[in-house]
Amino acid sequence: MRILFVCLGNICRSPLAEGLFRHAAAQAGLGDRVAVDSAGTGDWHCGEAPDPRAITVAARHGIDIAAQRARQIRREDFHAFDLILGMDHANVNHLTRMAARDGTAEIDLFLARATGERRDVADPYFGEAAGFQTAYDDIKAGVEALAAGLARPVSRDSG
């Protein structure tokens, strides 16, 4: 399973999701069964490290995302990934419009797929540091639920 997390600039929410999911997947014993990456719908921050406030909140919880670099989503991502998860409704709408007609990736709202909640992970970029903790908390709950779901054995009917 290949999962791509997407937000607007790929410096706040999606790098947090990538780093937290890597950690949750390792904890759930998913090992090499899951590959993960992150991207942004915009190109403003390509090549940049995550926002220092995102790095700080992740580090405070033992997750290192400092080496990640922002990139913009590409058309080929719709073929390279199985699941593309937007952090908010605007991201999902953008992804849906951008998706190649023959793309194989499933596009969904992150929290809807992970926890069943049809709500956005609020963008903390223009706010205070506390917004990054709120985003972290939402993302952590989501990635843990997503990883647990992927780690569950698939039941096979023998009938």
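It should be emphasised that the depicted structure is a prediction, and the values quoted were computed from it without experimental measurement. (Residues numbered from 1 in each chain as written. Predicted model: local features only at pLDDT ≥ 70, side-chain atom pairs only at ≥ 80, totals over all residues. Heavy atoms only, no water.)

Caption draft 1: Representation of the pattern of salt bridges within the structure. Scanning the model with the defined rule gives 13 salt bridges in all. Here Arg 53 makes a salt bridge to Asp 51, at a shortest N to O gap of 2.9 Å. Overall, Arg 53 belongs to the partly exposed group, its relative accessible area being 26%. Assessed through its relative accessible area of 7%, Asp 51 is described here as buried. (Salt bridge = Lys/Arg side-chain N within 4 Å of Asp/Glu carboxyl O. Buried < 20%, exposed > 50% of the residue type's maximum accessible area, 1.4 Å probe, protein only.)

Caption draft 2: Highlighting the nonpolar core. In terms of nonpolar packing, the biggest core is built from 34 residues, with Phe 5, Leu 16, Phe 21, Phe 110 and Ile 139 touching the most fellow members. Counting only elements with at least two residues in this core, the list comes to strand 1 (2–7), helix 1 (13–27), helix 2 (52–60), strand 3 (83–86), helix 5 (110–115) and helix 6 (129–151). Broken down by element, the residue count for this core peaks at seven residues, all from helix 6. With sequence-adjacent residues up to four places away left out, Phe 21 is seen in contact with Ile 3, Phe 5, Val 34, Val 36, Val 143, Leu 146, Ala 147 and Leu 150. (Core = buried A, V, L, I, M, F, W, Y, C linked by side-chain atoms within 4.5 Å. Helix = DSSP H or I, 4+ residues; strand = E, 2+ residues; numbered from the N terminus. Contact = heavy atoms within 4.5 Å.)

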